[in-house]
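An overview of the molecular structure
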Amino acid sequence: MDQSPAPFSEIGRRARDLLTKDYNYDQKFSFSIPSSSGVGITATGVKKDQIFVGDISTQYKLGSTIVDVKVDTYSNVSTKVTLNEVFRSAKVSLGFNIPDHKSGKLDVQYLHQHAAINSSIGLNPSPLLELSAAIGSKDLALGGEIGFNTASSSFTKCNAGISFNKPDFSAALMLTDKGQAVKASYVHSVDPASGTEVAAEMIHRLSTYENSFSIGSAHKVDPLTSVKTRFSDNGKVAMLYQREWRPKSLITFSAEYDTKAKNPVPKLGLALALKP
């Protein structure tokens, strides 16, 4: 189904990733050990200020079944079991956390030639219900999502969006925050050979008539090195430098400076991802 639309969560993602993905202002380390036997292990640690948190996750693949288990520094255990192709073009996932016995959740995804549907229900007496759908094609998609909390009998989200995608550009228009904001985003590939792209995102809040925007760029210095920049109307300027110093292993340096702060202190971050 190469021409089927992507799930609703993918609308506007290309511009969003350019503006936000991989920016990190803490110290982060991850080490992944893939395995041809179907078992993979990943250890992650993050130091934020004087606090260090980490987790160890494993993934086991057997045929169309994938089991993910993650244990963090607070002894919380997260488990997710995914069954692919339960029936044609459908995927079912069951997730739960220990010791939270009310954390169970069932997710169902269905992909059709002209539609992508995702649904989720909490496995507890007062579940959270979520449903999203997108119709159209790979190039043009229209969709929406809703979330309903049965405990409070209230909607937690109600959003809609439309996207138009081509290999060299992508544009999206979304109604977010339960109809309280309009978000428009655009990303354009300036030079595919050098990986140069530019992106912009603007948000207009209907209730307060406030506007905000961010613009950014990405460029590959060479096949192993990339840089990104971002500027926002709130005065924050950010940059990112990423280097693949060995196959599948990345080192990323991020920095952000608030030009409007009274006593500006740059935020610096370093992320190291190792994969043998």
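Reference entry: report on the structure contained in this document. These numbers come from a predicted model, not from an experiment.

A few words now on the overall build of the protein chain. Scanning the protein chain for helices and strands turns up one helix and 19 strands. Here the C-alpha radius of gyration of the protein chain, 21 Å, is about what a compact globule of 276 residues would show, namely 19 Å. Its C-alpha atoms give the protein chain principal-axis dimensions of about 50 × 45 × 40 Å. Look at the contacts in the protein chain between residues 6 or more apart in sequence, and 28% of them connect residues 24 or more apart. Only carbon and sulfur atoms are counted for the fraction: they give 61% of the accessible area of the protein chain, which is about 16700 Å². Both charge centroids of the protein chain, one from 31 positive and one from 26 negative side chains, sit 2 Å from each other.

Here we come to the nonpolar core. Within the largest apolar cluster, six residues are counted, these being Ala15, Leu18, Leu19, Val187, Ala199 and Ala218. If you tally residues by element for this core, the top one is helix H1 (residues 13-20), at three residues.

On the surface, a cluster of nonpolar side chains totalling about 690 Å² of accessible area is made up of Leu83, Val86, Phe87, Tyr110, Ile117, Leu131, Ile146 and Phe155. Relative to the helices and strands, leucine 83 is located in strand E5 (residues 77-84). Leucine 83 gets classed as partly exposed once you look at its relative accessible area, which sits at 37%.

We now examine the side chain of serine 189. Positionally, serine 189 belongs in strand E13 (residues 181-191). Classification of serine 189 by relative accessible area gives buried; the value is 11%.

In this structure, serine 194 sits in the loop between E13 and strand E14 (196-205). Overall, serine 194 belongs to the buried group, its relative accessible area being 18%. At 3.1 Å, the side chain of serine 194 forms a polar contact with the side chain of aspartate 191. The contact partners of serine 194, leaving out residues within four places of it in the chain, are His219 and Lys220.

Another point: the packing of aromatic side chains. The geometry of two aromatic rings is summed up by the distance between their centres and the angle between their planes. All told, the structure shown has three aromatic pairs when counted by the stated rule. Here phenylalanine 148 and phenylalanine 155 contribute two aromatic rings whose centre-to-centre distance is 5.2 Å and whose plane-to-plane angle is 65°, an arrangement assigned as edge-to-face. Given a relative accessible area of 25%, phenylalanine 148 falls into the partly exposed group. Judged by relative accessible area, which is 47%, phenylalanine 155 ranks as partly exposed. Consider the rings of phenylalanine 164 and phenylalanine 169, whose centres lie 5.7 Å apart with planes at 50°: the pair is tilted. Look at phenylalanine 164 and you get partly exposed, because its relative accessible area is 35%. Every member of this aromatic cluster is reached through a ring pair, and the members are Phe164, Phe169 and Tyr186.

All right, on to the pattern of salt bridges then. Applying the stated criterion to the full structure yields ten salt bridges. One salt bridge connects glutamate 130 with lysine 157, and the closest N-O pair in it is separated by 3.6 Å. Of this pair, glutamate 130 sits in strand E9 (residues 128-136) while lysine 157 is found in strand E11 (residues 154-166), placing the two residues 27 residues apart along the sequence. Judged by relative accessible area, which is 26%, glutamate 130 ranks as partly exposed. Of the charged contacts in the structure, one is a salt bridge between arginine 243 and aspartate 222, with a shortest N-O distance of 3.5 Å.

This part covers the environment of isoleucine 66. By the element assignment, isoleucine 66 lies in strand E4 (residues 65-72). Residues isoleucine 66 and valine 39, 27 residues apart in the sequence, show an inter-C-alpha distance of 9.8 Å. Residue contacts for isoleucine 66: discarding those within four places in its chain leaves Gln59, Tyr60, Lys61, Lys80, Val81, Thr82 and Asn84.

Basis of the calculations
Residues numbered from 1 in each chain as written. Predicted model: local features only at pLDDT ≥ 70, side-chain atom pairs only at ≥ 80, totals over all residues. Heavy atoms only, no water. Helix = DSSP H or I, 4+ residues; strand = E, 2+ residues; numbered from the N terminus. Rg over C-alpha atoms; globule rule 2.2 N^0.38 Å. Contact = heavy atoms within 4.5 Å. Areas by Shrake-Rupley, 256 points an atom, 1.4 Å probe, with all protein chains shown as cover. Lys, Arg positive; Asp, Glu negative; His and termini not counted. Charge placed at Lys NZ, Arg CZ, Asp CG, Glu CD. Core = buried A, V, L, I, M, F, W, Y, C linked by side-chain atoms within 4.5 Å. Buried < 20%, exposed > 50% of the residue type's maximum accessible area, 1.4 Å probe, protein only. Patch = residues over 30% accessible without salt bridge, like charges linked within 9 Å, V, L, I, M, F, W, Y side chains within 5 Å. Salt bridge = Lys/Arg side-chain N within 4 Å of Asp/Glu carboxyl O. Polar contact = N/O pair within 3.5 Å; in protein donor to acceptor, adjacent residues only side chain to side chain. Phe/Tyr/Trp six-rings, centres within 6.5 Å; stacked < 30°, edge-to-face > 60°.

Don't take any of this as a statement about function, it's just geometry.
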